[in-house]
Amino acid sequence: MLSPIDLRKNLVQITLEKKQLSHLSARVGLVLDISGSMRHLYDDGTVQEVVERILAVACKFDDNGSLDVWVYDNEFSRLAPATEADFDNYVQKEILRNRHIHKFGYNDEPPVMKDVIRKYTKEEVSSLPVFLVFINDGGVSKTIKKVISESAVHPIFWQFVGIGYSDFSVLKKLDTMEGRIVDNANFIHIEDIASITDETLYNLLLNEFPQWIKAATEQRILRA
């Protein structure tokens with residue numbers, strides 16, 4: 001019998017084939033909101049489930065099969081990558097029990113976004129594209145627009161996922177932002193991420209990534 005992670009990897013593979021991405025290697029990152037309004041989703045296991053679901057994408061996409069992870073509120077932390085070997089209780093071990101992580105404050109996105117850019121463009125330079133999933137439950141700072149615009153020249157695609165019932169007006173405007181060499185960000189809103197099927201989630205997550213790959217290659221942000 002296949003394990004849950006293997007079942008999810010199979011669903012990711014099917015999604016990649018449908019979107020003609022099965023040949024692609026990419027680095028995969030996950031940024032998790034850990035502001036105060038997210039506390040119940042950490043406590044009830046929803047965030048652990050999110051890590052496992054996105055890890056399946058990394059296992060099929062990533063050059064080394066690991067998922068880079070950040071958490072942020074009004075501060076941010078880079079965490080140890082999640083892998084198939086150690087994803088059990090990842091949220092408990094690496095986040096909730098980690099006394100060095102600032103938790104359940106207010107949200108401030110630009111600092112963690114700049115650290116994502118720093119990691120992939122300064123510290124660990126690679127020709128591979130980056131697929132970055134950014135989980136947030138509302139109240140995003142308008143100043144993220146400047147960071148997204150400035151990062152359009154880099155091989156990073158920002159896939160924002162709004163969860164819950166808050167105001168996502170800033171994220172909803174990402175597709176219509178002007179002044180970028182390519183559209184490097186997408187937003188999807190999932191009110192109850194725990195109830196959506198894996199198949200639906202992967203289809204939504206990977207919906208605009210192929211268009212960005214094509215545009216970024218044409219603009220020589222990615223090298224074919």
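Predicted, not measured: the structure shown is a model, and the values here were computed from it.

What counts, and at which threshold
- Residues numbered from 1 in each chain as written.
- Predicted model: local features only at pLDDT ≥ 70, side-chain atom pairs only at ≥ 80, totals over all residues.
- Heavy atoms only, no water.
- Helix = DSSP H or I, 4+ residues; strand = E, 2+ residues; numbered from the N terminus.
- Rg over C-alpha atoms; globule rule 2.2 N^0.38 Å.
- Buried < 20%, exposed > 50% of the residue type's maximum accessible area, 1.4 Å probe, protein only.
- Contact = heavy atoms within 4.5 Å.
- Areas by Shrake-Rupley, 256 points an atom, 1.4 Å probe, with all protein chains shown as cover.
- Lys, Arg positive; Asp, Glu negative; His and termini not counted.
- Charge placed at Lys NZ, Arg CZ, Asp CG, Glu CD.
- Pairing = 2+ DSSP bridges.
- Right-handed = clockwise from strand over helix to strand, strands pointing away.
- Axes fitted to C-alpha atoms, helices over the stretch in contact; angles between N-to-C directions.

Visitor: Would you mind going over the overall build of the protein with me for this structure?
Guide: Helices and strands together make up the secondary structure of the protein, namely nine helices and six strands. The C-alpha radius of gyration of the protein comes to 16 Å, within 12% of the 17 Å expected for a compact globule of 224 residues. Counting only C-alpha atoms and orienting by the principal axes, one finds that the protein spans roughly 45 × 45 × 35 Å. The 224 residues of the protein split such that 54% are buried. In the protein, of all internal contacts separated by at least 6 residues, the share reaching a separation of at least 24 is 80%. Of the accessible surface of the protein, which amounts to about 10,400 Å², a share of 48% is contributed by carbon and sulfur atoms. Positive and negative charge centroids in the protein, built from 26 and 33 side chains respectively, lie 5 Å apart.

Visitor: Honestly, the pairing of strand E5 (residues 156-163) in this entry has me stumped. Any pointers?
Guide: Side-chain positions along a regular strand alternate between the two faces of the sheet. Most of E5 is tucked away: eight of the eight residues are buried. Two elements, strand E4 (residues 130-136) and E5, share seven bridges in a ladder whose sense is parallel. If you follow Ile135 over to E5, its bridge partner there is Val161. Read as a crossover between parallel neighbours, the route from E4 over helix H6 (residues 144-150) to E5 is right-handed. Across six bridges, the pairing between E5 and strand E6 (residues 185-190) is parallel. When the sheet's bridge partners are listed, Gly162 is paired in E6 with His189.

Visitor: Sorry if this is basic, but what is going on with the sheet that holds E5 here?
Guide: Backbone hydrogen bonds hold the strands of a sheet together, and the pairing may be parallel or antiparallel. Taken together, the six strands give an open sheet; going across it, the order is E3-E2-E1-E4-E5-E6, and neighbouring strands pair in mixed fashion. Strand pairing shows two members of the sheet lacking a second neighbour, strand E3 (76-78) and E6, which therefore form its edges. Across the sheet, the axes of successive neighbouring strands diverge by a mean angle of 20 degrees, strand direction being ignored. As paired elements, strand E1 (residues 27-33) and E4 share six bridges and run parallel to each other. When the sheet's bridge partners are listed, Val31 is paired in E4 with Phe134.

Visitor: How should unusual backbone geometry be read in this particular structure?
Guide: In this structure, Gln20 takes a positive phi of about 55 degrees despite not being glycine. Its location among the elements puts Gln20 in the loop between helix H1 (4-18) and E1. In this structure Gln20 comes out as exposed when scored by relative accessible area, which is 66%. Of note, Asn89 is a non-glycine position whose phi angle comes to about 60 degrees, a positive value.

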